[in-house]
Amino acid sequence: VQLQASGGGLAQPGGYLRLSCAASGRTFSSYHMGWFRQAPGKEREFVAAISWGGASTYYGDSVKGRFTISRDNAKNTVYLQMNSLKPEDTAVYFCAADRDSNRRLQSDTNAYDYWGQGTQVTVSS
């Protein structure tokens, strides 16, 4: 599967953005999906994950209550709604797919098999 992330840009503190990740292939609906981010000089950080059918979600502590992950399997797309943005949310955001949909949602980058190219999010006044 190929993943294409989009929707990044510049937002003010307290503002919002919605990221999208479009997937190719017919197997998208059988994969768990995740969002990660990486700021300059830092390790890639788990943001959120959603189960193959969308029933379960999982969030990193730093975004809980502000970000929402969702998916539309008919459109082969997963979304990340980001509200109440903070300067520390500035990073390149990546979407990723986990082929093993029989296990619980994962926060480890090593659990994900496919990665998109990333989209830059900058939060600044």
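### Thoughts on the packing of aromatic side chains
Line of reasoning, step 1. The final tally for this structure, using the stated rule, is six aromatic pairs.
Line of reasoning, step 2. Measuring from centroid to centroid gives 5.1 Å for Phe-36 and Tyr-112, while their planes differ by 80 degrees, and the two rings are edge-to-face. Placement of Phe-36 in strand β4 (residues 32-38) and of Tyr-112 in the loop between β9 (91-98) and β10 (114-115) is noted, with a sequence separation of 76 residues between them. Tyr-112 shares its class with Phe-36; the two are buried.
Line of reasoning, step 3. Arranged with centres 5.0 Å apart and planes meeting at 55 degrees, the rings of Phe-36 and Trp-115 form a pair that is tilted. Of this pair, Phe-36 sits in strand β4 while Trp-115 sits in strand β10, and the two are 79 residues apart along the sequence.
Line of reasoning, step 4. The positively charged end of Arg-44 is found above the aromatic ring belonging to Phe-94, 3.8 Å away from the centroid.
Line of reasoning, step 5. Taking the ring centre of Phe-28 as reference, the NZ or CZ of Arg-71 above it sits at 4.5 Å.

### Quick look at the pairing of strand β8 (residues 77-82)
Line of reasoning, step 1. Of all six residues in β8, five are buried, a share of seventy percent or more.
Line of reasoning, step 2. As paired elements, strand β7 (residues 67-72) and β8 share six bridges and run antiparallel to each other. Bridging across to β8, Ser-70 finds its partner in Tyr-79.
Line of reasoning, step 3. What sits between the antiparallel neighbours β7 and β8 is a turn of four residues, in which Asn-76 has the positive phi angle 55 degrees.

### Focus: the side chain of Thr-119
Line of reasoning, step 1. Within the element layout of this structure, Thr-119 appears in strand β11 (residues 119-123).
Line of reasoning, step 2. The class for Thr-119 is buried, based on a relative accessible area of 9%.
Line of reasoning, step 3. A polar side-chain atom of Thr-119 sits 3.1 Å from the main-chain amide nitrogen of Gly-8.
Line of reasoning, step 4. The contacts of Thr-119, once residues within four sequence positions are left out, are Ala-5, Ser-6, Gly-7, Gly-8, Leu-19, Ala-91, Val-92 and Tyr-93.

### Some thoughts on the sheet that holds β8
Line of reasoning, step 1. Taking strand neighbours across the sheet as the criterion, the four strands line up as β1-β3-β8-β7 in an open arrangement whose pairing is antiparallel. At either margin of the open sheet sits one strand with a lone partner, and together these are β1 (3-6) and β7. On average, each strand axis in the sheet is tilted by 15 degrees relative to the strand beside it, whichever way the strands run.

### Comments concerning the nonpolar core
The nonpolar side chains of a soluble globular protein tend to be buried, and buried together.
Line of reasoning, step 1. Counting residues in hydrophobic clusters, the biggest one holds 29 residues, and the most contacted among them are Met-33, Trp-35, Leu-80, Met-82 and Tyr-93.
Line of reasoning, step 2. When contributions to this core are tallied by element, the ones reaching two or more residues are β1, β3 (17-23), β4, β5 (45-50), β7, β8, β9 and β11.
Line of reasoning, step 3. Those residues in contact with Leu-80 that lie beyond four places of it in its chain are Leu-17, Arg-18, Leu-19, Trp-35, Val-47, Ala-48, Phe-67, Thr-68, Ile-69 and Tyr-93.

Rules used in this analysis
- Residues numbered from 1 in each chain as written.
- Predicted model: local features only at pLDDT ≥ 70, side-chain atom pairs only at ≥ 80, totals over all residues.
- Heavy atoms only, no water.
- Phe/Tyr/Trp six-rings, centres within 6.5 Å; stacked < 30°, edge-to-face > 60°.
- Helix = DSSP H or I, 4+ residues; strand = E, 2+ residues; numbered from the N terminus.
- Buried < 20%, exposed > 50% of the residue type's maximum accessible area, 1.4 Å probe, protein only.
- Lys NZ or Arg CZ within 6 Å of the ring centre and 35° of its normal.
- Pairing = 2+ DSSP bridges.
- Polar contact = N/O pair within 3.5 Å; in protein donor to acceptor, adjacent residues only side chain to side chain.
- Contact = heavy atoms within 4.5 Å.
- Axes fitted to C-alpha atoms, helices over the stretch in contact; angles between N-to-C directions.
- Core = buried A, V, L, I, M, F, W, Y, C linked by side-chain atoms within 4.5 Å.

That's the geometry; what it means functionally is another story.
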